[in-house]
Amino acid sequence: MKRTISIKLRLTKDQSNQLASLRDAFLNACNQIVPFAVQHRCWNRVALHNICYTAIRTSSQLGSQMVCNAIFSVCKAYKNKCIVKGENVPVIRFHKNRSIHFDKRTYSLKGNFLSLYTLQGRMRVEMQMGPFQQTYFSQGIPKEAELTFRKGHWYFNLVLDLPDQPICQDKGIMGIDLGENVLAATSSGKLFGGGKVRHERHQFLSKRRCLQSNGSQSAKQLLKKISGKEARRIKQINHVVSKQVIQEAIQTNAGTIVMENLTNIRKRIRAGKKVRSRLHRWAFRQLQTLIQYKAETHGLKVLYVNPAYSSQRCSLCDQLGKRDRHLFKCSCGNQQHSDLNASRNLCQFAQPIGRATCTVNCTQVATIG
Ligand SMILES: [Zn+2]
């Protein structure tokens with residue numbers, strides 16, 4: 001499994017300045033690569049390299065390998081955008097908050113020291129690691145890394161390839177439905193991230209809408225500030241919810257977790273415009289990634305299934321039922337929270353033959369805010 005550790009670097013003023021000038025050159029190169037990507041609709045690393053490498057290598061101060069890394073960073077930024085066929089390709093600006101990509105050819109490690117490529121040649125710096133990072137560092141194989149500047153310090157975010165956790169032998173399966181009403185519902189009967197969290201999301205949205213309709217310069221600045229705050233809060237909530245979900249899986253002896261394939265979540269949820277705009281902003285993918293990350297740490301298996309009909313189908317009798325707000329009703333008499341019903345369907349979709357029997361008590365419902 002891959003894990004990233006963020007290592008603080010101990011630098012002199014002069015070294016810090018050297019990294020700052022490397023960053024400026026790197027981001028400048030990225031910004032020069034962007035027009036090639038836009039013009040050719042190309043974010044494949046090899047193809048983009050063939051298109052623009054020579055031009056960038058001559059115009060930039062960067063060495064050949066760093067130019068390759070800049071191409072990598074541009075491709076990664078465009079891949080993360082998930083641009084649909086036929087849609088216009090946006091111009092991505094690489095601002096100062098972006099990181100510098102390093103690979104095995106542009107950095108090396110020796111004990112607690114790191115040797116980095118800079119415009120003035122190699123630079124040797126000391127890494128400051130806590131006990132947690134030391135443990136991971138000693139067990140893993142170092143891969144690529146990102147160098148970032150945060151609040152006055154440089155950090156080396158190093159990806160490590162760690163040995164996989166022994167696989168959990170528990171036979172239970174737990175379905176997790178991610179949704180707008182509550183963030184996560186588990187087939188074991190628990191709801192996470194409703195109540196207070198939902199209220200908070202509504203507040204963010206109404207504040208944002210108010211500022212957007214204002215349109216003045218100061219409103220735009222405030223909107224930018226709020227966006228950052230919102231993103232940090234979302235991440236924090238997603239961390240808490242993912243942790244609670246994994247604890248639930250462990251407590252209910254579920255060795256396997258089932259989630260929906262999120263590719264079409266935006267299309268799938270046929271909600272009003274208001275709800276959809278909120279959905280877009282909520283980072284479901286981030287939550288799913290965090291759940292997978294934490295599941296792997298505990299040796300739990302993660303399965304993804306096609307969620308078609310998971311919210312319309314009755315999890316007891318397979319018939320299509322009706323939804324009345326958050327209540328799912330079926331003619332067979334089944335009535336339960338619609339998200340829980342969906343999570344139980346996901347659980348069953350993962351079973352190749354026949355109906356899955358929930359390993360845990362399906363009637364217990366708790367809301368954790
Ligand atoms: Zn039914």
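Presented here is an overview of the structure given in this document. (Residues numbered from 1 in each chain as written. Predicted model: local features only at pLDDT ≥ 70, side-chain atom pairs only at ≥ 80, totals over all residues. Heavy atoms only, no water.)

**Digging into the pairing of strand β3 (residues 107–110)**
Next, step 1: Pairing analysis gives four bridges linking β3 to strand β4 (residues 113–116), with the strands arranged antiparallel. Pairing of Y107 across the sheet is with L116, part of β4.
Next, step 2: The hairpin formed by β3 and β4 contains two residues between the paired strands, and G111 there has a positive phi angle of roughly 55 degrees. (Pairing = 2+ DSSP bridges. Helix = DSSP H or I, 4+ residues; strand = E, 2+ residues; numbered from the N terminus.)

**Quick word on the coordination of the zinc ion**
Next, step 1: For the zinc ion, every protein donor is listed as C314 (SG), C317 (SG), C330 (SG) and C332 (SG), and the spread of their distances is 2.2 to 2.3 Å.
Next, step 2: The coordination sphere of the zinc ion comprises four donor atoms, whose angles at the metal cover 102 to 117 degrees; the geometry is tetrahedral.
Next, step 3: Looking at C332, the relative accessible area reads 44%, which means it is partly exposed. (Donors = N, O, S within 2.8 Å, 3.2 Å for Na, K, Ca; no water. Tetrahedral: all angles 85-135°; square planar, octahedral: opposite > 155°, others 65-115°. Buried < 20%, exposed > 50% of the residue type's maximum accessible area, 1.4 Å probe, protein only.)

**Topic: the nonpolar core**
Next, step 1: In terms of nonpolar packing, the biggest core is built from 54 residues, with F102, L116 and F156 touching the most fellow members.
Next, step 2: Ranked by residues supplied to this core, first place goes to helix α1 (residues 13–40) with eleven residues.
Next, step 3: Grouped together as the second largest cluster of nonpolar side chains are 22 residues, V197, V241, I246 and A249 included. (Core = buried A, V, L, I, M, F, W, Y, C linked by side-chain atoms within 4.5 Å.)

**Describing the sheet that holds strand β15 (residues 335–337)**
Next, step 1: Reading across from one edge, β13-β14-β15 is the order of the three strands in this open sheet, with antiparallel pairing throughout. Strand pairing shows two members of the sheet lacking a second neighbour, β13 (322–324) and β15, which therefore form its edges. Sheet twist, expressed as the mean angle between neighbouring strand axes with direction ignored, is 30 degrees.
Next, step 2: When strand β14 (residues 327–329) meets β15, the two strands line up antiparallel, connected through three bridges. Bridge assignment links K329 to a residue of β15, and that residue is Q335.
Next, step 3: Running at roughly 95 degrees to β15, helix α10 (residues 338–349) makes contact with β13, β14 and β15 of the sheet. (Axes fitted to C-alpha atoms, helices over the stretch in contact; angles between N-to-C directions. Contact = heavy atoms within 4.5 Å.)

**Regarding helix α2 (residues 45–59)**
Next, step 1: For α2, with 15 residues, the first-to-last C-alpha span of 19 Å sits near the 21 Å given by 1.5 Å per residue.
Next, step 2: Along α2, the sharpest kink reaches roughly 55 degrees, centred on C52.
Next, step 3: Of all the residues in α2, the buried ones are L48, C52, Y53 and I56.
Next, step 4: Summarising the contacts, the buried residues of α2 are in contact with α1 and α3 (64–81).
Next, step 5: Capping the start of α2, N44 holds a side-chain oxygen 3.0 Å from the backbone nitrogen of V46, two or three residues further along. (Expected span 1.5 Å × (residues − 1). Bend = angle between axes of the 7 residues up to and from the residue. Polar contact = N/O pair within 3.5 Å; in protein donor to acceptor, adjacent residues only side chain to side chain.)

**Side note on the sheet that holds β4**
Next, step 1: Reading across from one edge, β2-β6-β7-β1-β5-β4-β3 is the order of the seven strands in this open sheet, with antiparallel pairing throughout. Each of the sheet's edge strands pairs with one partner strand only, and the pair in question is β2 (100–102) and β3. On average, each strand axis in the sheet is tilted by 35 degrees relative to the strand beside it, whichever way the strands run.
Next, step 2: As judged from the three bridges shared by strand β1 (residues 2–10) and strand β5 (residues 123–128), these two strands associate in the antiparallel manner. Residue pairing across strands places R10 opposite E126, the latter belonging to β5.

**Some details on the pattern of salt bridges**
Next, step 1: Applying the stated criterion to the full structure yields nine salt bridges.
Next, step 2: In this structure, the salt-bridge partner of R3 is E296, at a minimum N-O distance of 3.9 Å. Here R3, found in strand β1, pairs with E296, found in helix α9 (residues 284–297); they are 293 residues apart in sequence, far enough to count as distant.
Next, step 3: In this structure, the salt-bridge partner of R233 is E200, at a minimum N-O distance of 2.4 Å. Taken as a pair, R233 in helix α6 (residues 217–251) and E200 in helix α5 (residues 195–214) lie far apart in primary sequence, 33 residues in all. (Salt bridge = Lys/Arg side-chain N within 4 Å of Asp/Glu carboxyl O.)

**With respect to the state of the cysteines**
Next, step 1: All told, the structure shown has zero disulfides when counted by the stated rule.
Next, step 2: We note that C42 lacks a disulfide partner, and the nearest cysteine sulfur, in C75, lies 6.3 Å from it. (Disulfide = S-S within 2.5 Å.)

**Let's talk about α10**
Next, step 1: A rise of 1.5 Å per residue sets the reference length of α10, with its twelve residues, at 16 Å; its end C-alpha atoms lie 17 Å apart and thus fit the reference within 8%.
Next, step 2: Counting buried positions along α10 gives eleven out of twelve residues, so the element sits mostly inside the fold.
Next, step 3: For α10, the complete set of buried residues consists of S338, D339, L340, N341, A342, S343, R344, N345, L346, C347 and Q348.

**Section: the pairing of strand β6 (residues 141–150)**
Next, step 1: With three bridges connecting them, β2 and β6 associate as antiparallel partners. Directly across from I100, in β6, lies its bridge partner L147.
Next, step 2: Pairing of β6 with strand β7 (residues 153–161) involves eight bridges; the strand directions are antiparallel. Residue L147 lies in a different strand from β7, and its bridge partner there is F156.

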